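Architecture at a glance
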Amino acid sequence: MPKALHAIDYLADPAAHPPQSVCVASGDEAFLKRRTLLEIRRAVLGSSEGEFSLATFEGKTALLRDIQEELSTLAMFGGGRRLVLVEEADDFVTRYRAELEDYVAKPVSTGVLVLDVKSFPSNTRLYKAVAATGMLVDCGAPAAAAVTRWVRSWAKQAHGIQLEVAAADALVEAVGPELGLLDQELAKLALTVEAGGKISVTTVTEMVGGWRARTTWEMLDAALDGKAPEAMLQLDRLFAAGENPIALLGQISATLRRLAAAMQLIRSAEATGRRMPLRAALEQAGVKTFVLDKVERQLRRLGRKRAEQLYGWLLQADLDLKGGSSLPPRTVLERLVVQVAASPAAQASGKA
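Note that the coordinates shown come from a computational prediction; the quantities given were computed from them, not determined experimentally.

Conventions and cut-offs
Residues numbered from 1 in each chain as written. Predicted model: local features only at pLDDT ≥ 70, side-chain atom pairs only at ≥ 80, totals over all residues. Heavy atoms only, no water. Helix = DSSP H or I, 4+ residues; strand = E, 2+ residues; numbered from the N terminus. Buried < 20%, exposed > 50% of the residue type's maximum accessible area, 1.4 Å probe, protein only. Contact = heavy atoms within 4.5 Å. Areas by Shrake-Rupley, 256 points an atom, 1.4 Å probe, with all protein chains shown as cover. Pairing = 2+ DSSP bridges. Core = buried A, V, L, I, M, F, W, Y, C linked by side-chain atoms within 4.5 Å. Expected span 1.5 Å × (residues − 1). Phe/Tyr/Trp six-rings, centres within 6.5 Å; stacked < 30°, edge-to-face > 60°. Salt bridge = Lys/Arg side-chain N within 4 Å of Asp/Glu carboxyl O. Axes fitted to C-alpha atoms, helices over the stretch in contact; angles between N-to-C directions. Parallel < 35°, antiparallel > 145°, perpendicular 65-115°, else oblique. Left-handed = near helix turned anticlockwise from the far one by under 90°. Nonpolar A, V, L, I, M, F, W, Y, C, P; charged D, E, K, R; others polar. Disulfide = S-S within 2.5 Å.

A look at the overall build of the protein
The number of helices and strands found in the protein is 19 helices and 8 strands. Judged by the C-alpha coordinates and their principal axes, the protein covers about 70 × 50 × 45 Å. Every one of the 352 residues in the protein was classed for burial, and the buried ones make up 45%. Taking the intrachain contacts of the protein between residues at least 6 apart in sequence as the baseline, contacts between residues at least 24 apart amount to 73%. When the accessible surface of the protein is summed, it comes to about 18,000 Å², and 52% of that surface belongs to carbon and sulfur atoms.

Here's the deal with the sheet that holds strand S4 (residues 83–87)
The parallel open sheet is built from 6 strands, whose spatial order is S1-S6-S2-S5-S4-S3. One side of each edge strand has no neighbouring strand; the edge strands of this open sheet are strand S1 (5–6) and strand S3 (54–58).

Quick look at the nonpolar core
Judged by nonpolar contacts, the single largest core of 43 residues is most densely connected at Leu256, Leu259, Leu282, Leu299 and Leu336. Elements supplying a minimum of two residues to this core: helix H11 (210–224), helix H12 (228–240), helix H13 (245–271), helix H14 (278–284), helix H15 (292–302), helix H17 (310–324) and helix H18 (329–341). Element by element, the count of residues in this core is highest for H13, at 11 residues. If near-sequence neighbours (up to four positions away) are discounted, Leu336 is found in contact with Leu249, Ile252, Trp313, Leu314 and Ala317. Counting residues in hydrophobic clusters, the runner-up holds 41 residues, among them Phe31, Leu83, Ala155 and Leu182.

A short note on the environment of Thr331
Inspection of the secondary structure assignment puts Thr331 in helix H18. Linking Thr331 and Leu321, residues 10 residues apart in sequence, is a C-alpha distance of 9.8 Å.

Structural notes on helix H9 (residues 179–190)
Over its 12 residues, H9 runs 16 Å from end to end, which matches the ideal 16 Å to within 8%, given 1.5 Å per residue. For H9, the set of buried residues is Leu179, Gly180, Leu182, Asp183, Glu185, Leu186, Leu189 and Ala190. On its buried face, H9 is in contact with helix H2 (30–45), helix H7 (144–159), strand S7 (162–163), helix H8 (165–175), strand S8 (198–199) and helix H10 (201–207).

Some words on the pairing of S3
Side chains of S3 alternate between two faces, with Ala55 and Phe57 buried and Leu54, Thr56 and Glu58 left unburied. With 5 bridges connecting them, S3 and S4 associate as parallel partners. Bridge assignment links Glu58 to a residue of S4, and that residue is Glu87.

Considerations on the packing of aromatic side chains
With the rule as written, the count across this model stands at 5 aromatic pairs. Note on Phe31 and Trp154: the rings are 5.7 Å apart at their centroids and 90° apart in plane angle, and the pair reads as edge-to-face. Taken together, the residues Phe31 in helix H2 and Trp154 in helix H7 connect sequence positions 123 residues apart. The burial state of Phe31 is the same as that of Trp154; both residues are buried. The interplanar angle of 40° and the centroid separation of 5.7 Å between the aromatic rings of Phe120 and Tyr127 together place this pair among those described as tilted.

Details of the pattern of salt bridges
Per the stated rule, a full pass over the model turns up 17 salt bridges. Where Asp318 meets Lys322, a salt bridge forms, and the shortest distance between an N and an O atom there is 3.3 Å. Here Asp318 and its partner Lys322 are both found in helix H17, 4 residues apart, which amounts to about one turn of the helix. A salt bridge links Arg330 to Glu334, with the shortest nitrogen-to-oxygen separation between them at 3.1 Å. One end of the pair, Arg330, and the other, Glu334, are both in helix H18, 4 residues apart, so they sit about a helical turn from each other. You can call Arg330 partly exposed: its relative accessible area is 31%. Overall, the relative accessible area of 25% leaves Glu334 in the partly exposed class. Connected through shared salt-bridge partners, Arg267, Glu270, Arg304 and Glu308 make up one network.

Observations regarding the packing of helix H5 (residues 97–105) against helix H6 (residues 125–133)
Following both chains from N to C, one finds H5 and H6 inclined at 20°, their axes separated by 9 Å at the closest point. As far as their axial angle goes, H6 and H5 are roughly parallel. Viewed along their axes, H5 and H6 form a crossing whose handedness is left-handed. Contacts from Arg97, Leu100, Glu101 and Val104 of H5 reach H6 at Arg125, Leu126, Ala129, Val130 and Thr133. Here the residues of the contact of H5 with H6 are counted per class, giving 5 nonpolar, 1 polar and 3 charged.

Observations regarding the state of the cysteines
This model, assessed by the stated rule, comprises 0 disulfides. Just so you know, Cys23 is unpaired, no disulfide at all, and the nearest cysteine sulfur is the one on Cys139, 11 Å from it.

Let's talk about unusual backbone geometry
Although it is not a glycine, Glu88 adopts a positive phi angle of roughly 45°. Within the secondary structure layout, Glu88 lies in the loop between S4 and helix H4 (90–95). A relative accessible area of 56% places Glu88 in the exposed class.

No statement about biological role is implied by the geometric values presented.
Now the structure itself:
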């Protein structure tokens, strides 16, 4: 069965993937979804006059007969094909799954139907039909290891600049894995050099994040040192400045995941009868040399049992921020800060 094209690959060369009669953009990475829909729109409609050939429907209320009518109606102005976009189309797909299967098999117009969905399971007949004869773009978040590669590629493609590998690493660490925020920072960096110029790690350190990035690191340092009130004060400043909660979690996760990875390395070594020094584990986990002393002290304070819980805490916070909880985003992050900052004794007694 043909696989979905990932949005990163599609956006790298949209012209190589012309839109088909039915296109589906699935996933919840907002930047990739927005750019994918924009490129499909450009490919179908062309010039600004083509906007007259665009019709947009809301998935929860859209009726299939209205969409079919739009697809088969020529625009009064502009030219080319009709483009019908159904936004947040999960409910629409559920209601008209059988009819959509028939439409994909035999489109009744030259128009292009675009479905914007969060979920599009690969075990359904509709998925297989679109993958075979339509266009299916996966707009899910890329794996963490792929983000830095994307940053370098996107910097050159969209902003006309070159990022050194270390600069890309520093940018992702400062901003987090949110592609939209990374794109914004790349746009700012592009203003500092001529077209095609190179961006160094020094430039990233000086230009990106500003006081917000420093405040995030200070907040996390305070939490890891057990200074919960100070950490909460820094978190309050970040929220007051309008910081994005998901971006904040991305920056927090970049550090805490290294601590968790170091503990996993130690456990793996012990399972084979070997002993791995804490410092060596931190180095293998990617902790930079100039902060090794500080991070080693912080991990010792955190303690083995709580360090082994870090992945679970981060996963829960990520799920809660993405709709898995009714708690406000601020409360989700405050809970995480308290979990990190609480003393080992308080954790053991159940007071934190």
